[in-house]
Amino acid sequence: MDWDTFLVVIHLIGAALGVGGATFAEIFLLKSLRDGVVDPTEGSFLKITYRVIRIGLALLVLSGFGFLILYRLTGLEERLFSPLLWAKLTIVLILLSGVIAWQAKKVPLWLGSAFSFASWYGAMLIIPLRSVFKNIHAGFFDIILIYIALVIITAIVLFGIRRALKIPH
Amino acid sequence: MTQTLATLLIAHVILGLIGIGALWALLMALLKKMPSIRFLRASSLVAVIGFILSWISGGYYYVMYYGGPVKAAIKAGPNPWAHAFFMEAKEHVFLLLPFISIALACAFFFGGERIVGDDKKRRILFAIALIAALIGVFSTLSGVIISGSVR
């Protein structure tokens with residue numbers, strides 16, 4: 001197996017764990033908050049899910065930087081200035097900062113969930129959608145604007161679900 | 001570039017990332033109501049080891065290779081500012097990281113339970129770790145810009 005394939009495999013596993021973890025974290029959270037309290041069993045499920053997300057994040061970041069090193073060592077340095085790459089780096093940084101802000105209780109739960117959900121899906125979808133972004137000549141700020149729109153839409157959808165399930169805020 | 005230099009460049013990046021990851025874990029732990037002192041000690045120690053080894057591997061690569069053909073290629077390329085600003089800034093601010101990490105590790109190893117139980121001291125250590133993590137992120141992103149400017 002060459003380095004490129006190895007990194008792709010690790011990156012995909014990281015993305016799968018992160019996106020899957022973020023999705024199930026939200027489902028578990030919505031289910032646990034229906035009665036207004038998170039009991040110990042629900043809490044332990046959430047704890048395990050957050051651990052899976054962190055493992056996914058570590059794999060994603062390490063393999064992501066593995067790609068950057070590979071580009072540098074194989075003469076593909078121009079890829080390091082790709083707007084897609086910088087948008088992805090920005091989204092991952094927002095995700096990491098968001099986790100700290102959420103842990104410090106500086107952001108409300110609904111906003112933290114929206115950022116986590118949208119960031120994971122955004123980071124995963126950026127690369128498969130690269131041909132679409134290329135066709136519309138999307139630059140860094142265009143991609144970030146799309147990401148912000150995705151966060152807002154996610155927040156509205158999650159807010160709607162919470163209201164429909166009569167979950168207290 | 002020789003195999004040794006390529007390995008050193010890879011080690012510099014990965015060890016730096018491990019150091020930043022350890023600082024991030026430290027920040028998360030400091031926000032808990034009752035953080036585990038063992039975890040704080042372990043993560044601060046990982047940060048110290050990561051940054052020192054990243055410093056040594058990056059320093060050797062800089063002296064033996066970057067300062068010659070790489071620097072010249074960047075200066076002659078489309079983004080000479082990548083060296084003039086980002087490398088110059090990186091090589092100075094990065095130096096703070098091993099020492100801030102050592103200070104944090106000393107606080108957790110010698111301060112122990114006294115620090116964990118004191119909200120004010122924990123907040124101060126959180127701020128110091130946050131500054132170190134931000135310097136780490138700046139250094140990492142600078143590295144991407146510098147590497148991307150080698151044409």
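Residues numbered from 1 in each chain as written. Chains lettered and ligands numbered in written order. Predicted model: local features only at pLDDT ≥ 70, side-chain atom pairs only at ≥ 80, totals over all residues.

K.L.:
Describe the overall build of chain A, naming the residues involved and giving the relevant values.
P.N.:
A count of helical and extended segments in chain A gives six helices and zero strands. When the helices and strands of chain A are placed in sequence order, the string is α-α-α-α-α-α. Along the first, second and third principal axes, the C-alpha set of chain A runs to 55 × 35 × 25 Å. Of all 169 residues assigned to chain A, the portion counted as buried reaches 28%. Restricting the contact set of chain A to residue pairs at least 6 apart, pairs at least 24 apart contribute 80%. (Helix = DSSP H or I, 4+ residues; strand = E, 2+ residues; numbered from the N terminus. Buried ≥ 20, exposed ≤ 12 C-beta atoms within 10 Å, placed from the backbone. Contact = placed C-beta atoms within 7 Å.)

K.L.:
Before we move on, could you go through the packing of helix H1 (residues 3–32) of chain A against helix H4 (residues 109–126) of chain A and cite the residues and values that matter?
P.N.:
All names here are of chain A. In contact at an axis separation of 9 Å, H1 and H4 are set at 155° when each is read in the N-to-C sense. By the angle class used here, H1 and H4 are roughly antiparallel. The element H1 and its partner H4 pack so that their crossing is left-handed. Note on element contacts: H4 touches H1 through Ser113, Ser116, Phe117, Trp120, Tyr121 and Met124, opposite Ala15, Gly18, Val19, Ala22, Glu26 and Leu29. Class assignment of the residues belonging to the contact of H1 with H4 gives a composition of eight nonpolar, three polar and one charged. (Axes fitted to C-alpha atoms, helices over the stretch in contact; angles between N-to-C directions. Parallel < 35°, antiparallel > 145°, perpendicular 65-115°, else oblique. Left-handed = near helix turned anticlockwise from the far one by under 90°. Nonpolar A, V, L, I, M, F, W, Y, C, P; charged D, E, K, R; others polar.)

K.L.:
Give me the lowdown on the nonpolar core, citing residues and values where you can.
P.N.:
One recurring pattern in soluble globular proteins is that nonpolar side chains are buried together. Ranked by internal contacts, the top residues of the largest apolar core, which has 68 residues, are Leu23(B), Trp24(B), Leu26(B), Leu27(B), Leu104(B), Ala129(B) and Ala133(B). When near neighbours in sequence (up to four residues on either side) are disregarded, Ala133(B) contacts Ile20(B), Leu23(B), Trp24(B) and Leu27(B). (Core = buried A, V, L, I, M, F, W, Y, C linked by C-beta atoms within 7 Å.)

K.L.:
Go over unusual backbone geometry, please, and point to the residues and values.
P.N.:
Residue and element names in this part refer to chain A. Positive phi, close to 60°, is recorded for Lys105, a residue that is not glycine. Along the chain, Lys105 falls in the loop between helix H3 (83–103) and H4. Its identity is not glycine, yet His137 carries a phi of approximately 55°, on the positive side. Mapped onto the fold, His137 is located in the loop between helix H5 (130–135) and helix H6 (140–164). Since 8 C-beta atoms lie within 10 Å of it, His137 is described here as exposed.

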